[in-house]
Amino acid sequence: MIPSSIKLDQYSIPIQGSTGALIVGKPGSGKSVLVSYLMLQLMSIGAFPLIFDTKRSDFFSLRYVFHDTFSIENSVTSTKSVEKGQICSTPGQVAKLLRQLTELMNQRYEHHQAHWGWDWINYKLRPIVVVFDEFSATLSEADKKTANEIINYLKQIIFKGRQMGGIYLILASQRLTADVLERNISSEFSTRIGMQNLDRVSLSLAFPGCDLNEIPVVENIPGHGLIYNDLFNTLIPQPFITPDMSHVNVPKVFKHLIVRNDVNNFTCEDYWPW
Ligand SMILES: Nc1ncnc2c1ncn2[C@@H]1O[C@H](COP(=O)(O)OP(=O)(O)OP(=O)(O)O)[C@@H](O)[C@H]1O
Ligand SMILES: [Mg+2]
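Residues numbered from 1 in each chain as written. Chains lettered and ligands numbered in written order. Predicted model: local features only at pLDDT ≥ 70, side-chain atom pairs only at ≥ 80, totals over all residues. Heavy atoms only, no water.

Asks: In this structure, what is going on with the overall build of the protein chain? I would like to understand it.
Replies: Helix and strand counts for the protein chain stand at eight helices and 10 strands. Relative to the 2.2 N^0.38 estimate, which gives 19 Å for 274 residues, the radius of gyration of the protein chain is 18 Å and therefore close to what a compact globule would have. Burial statistics for the protein chain: of 274 residues in total, 54% are counted as buried. For the protein chain, contacts bridging at least 24 residues in sequence account for 76% of all contacts bridging at least 6. Carbon and sulfur atoms make up 52% of the accessible area of the protein chain, which totals about 12200 Å². A gap of 2 Å separates the mean positions of the 25 positive and 26 negative side-chain charges of the protein chain. (Helix = DSSP H or I, 4+ residues; strand = E, 2+ residues; numbered from the N terminus. Rg over C-alpha atoms; globule rule 2.2 N^0.38 Å. Buried < 20%, exposed > 50% of the residue type's maximum accessible area, 1.4 Å probe, protein only. Contact = heavy atoms within 4.5 Å. Areas by Shrake-Rupley, 256 points an atom, 1.4 Å probe, with all protein chains shown as cover. Lys, Arg positive; Asp, Glu negative; His and termini not counted. Charge placed at Lys NZ, Arg CZ, Asp CG, Glu CD.)

Set out below in structure tokens:
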């Protein structure tokens, strides 16, 4: 059975029935470190990664892992999971991959209707972790048509994905404004995280329904933040600290998990696009 939650500091973050995590924080506050931690946690339970990094920073460098794995370990790994194109560096590529993901989600709904109330965990569908680092930067870089496409696919995934999609979205952004992410979308994220101290606009979008004066003050140290989850039974976000990842060789662990997960017991899906 796939675990239905992952650990972050002293908290247990549900992944079953969950859209994903929204992460906001100014530059250097520790967003990317947290994103890499969550990504590896999800990959360790078998999740298939899709990575969007149009700033071409930390996550973009993981493409070498795909290429290396592809050329060196071709005999061990089938070409399927190491195909290029799972790491996107332009808004156009992001839109294209999100379209494929939306199609996959729709196929999952069409093919899995036999059991009333079952979800992707019951059907043993392979979870997918979508890493979207610097979400607002990607949107501002995109032309209007592409930006709209990205938002529209994301909306479909956010509103529809939690039951059968098996899609866990990790969206990180420096600032949140209503232009970047409408309030009705941001509040769909079952987990919302603010790194260090945030401006009031970002706070009210990340933690709606909460009196801003009640929000705890966080130390201005990278990796320190506030976390809200639908199941915490309080609207007030709680302090947490991201595990220190400085001793973790992220590309190496990433590669290990890609190779290990290539052979898995998840349900075979002949419409799987990658
Ligand atoms: N949990 C942590 N423990 C210890 N140090 C951390 C932690 N998180 C982040 N840091 C330190 O802070 C630095 C910046 O973190 P990170 O790159 O994740 O920030 P960011 O919010 O993604 O910044 P940017 O907006 O520039 O991409 C890291 O290189 C690391 O040195
Ligand atoms: Mg970053």
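From this point, the narrative continues.
Asks: How do you make sense of the environment of Thr242 when you look at a structure like this?
Replies: Here Thr242 is to be found in the loop between strand E10 (238-241) and helix H8 (250-262). In contact with Thr242, other than residues within four places in its own chain, are Leu8, Val33, Leu34, Met195 and Gly223.

Asks: What is the right way to read the site of ligand 1 from this model?
Replies: Neighbouring ligand 1 are 16 residues, the closest being Gly28, Lys31, Ser32, Val33 and Thr242. A distance of 2.7 Å separates an oxygen atom of ligand 1 from a polar backbone atom of Gly28. In the model, an oxygen atom of ligand 1 is placed 3.3 Å from a nitrogen or oxygen of the Ser29 main chain. If ligand 1 stood free it would expose 630 Å²; the protein chains cover 66% of that surface. (Near = heavy atom within 4 Å. Polar contact = N/O pair within 3.5 Å; in protein donor to acceptor, adjacent residues only side chain to side chain.)

Asks: Got a minute to help me understand the nonpolar core in this structure?
Replies: Here is a general trend for soluble globular proteins: nonpolar side chains tend to be buried in one another's company. In this structure, Met39 and Leu101 are the most contacted members of the largest nonpolar core, which totals 94 residues. If we ignore the near neighbours within four places in the chain, the residues touching Leu101 are Leu50, Ile128, Val130, Ile157, Ile167 and Trp274. (Core = buried A, V, L, I, M, F, W, Y, C linked by side-chain atoms within 4.5 Å.)

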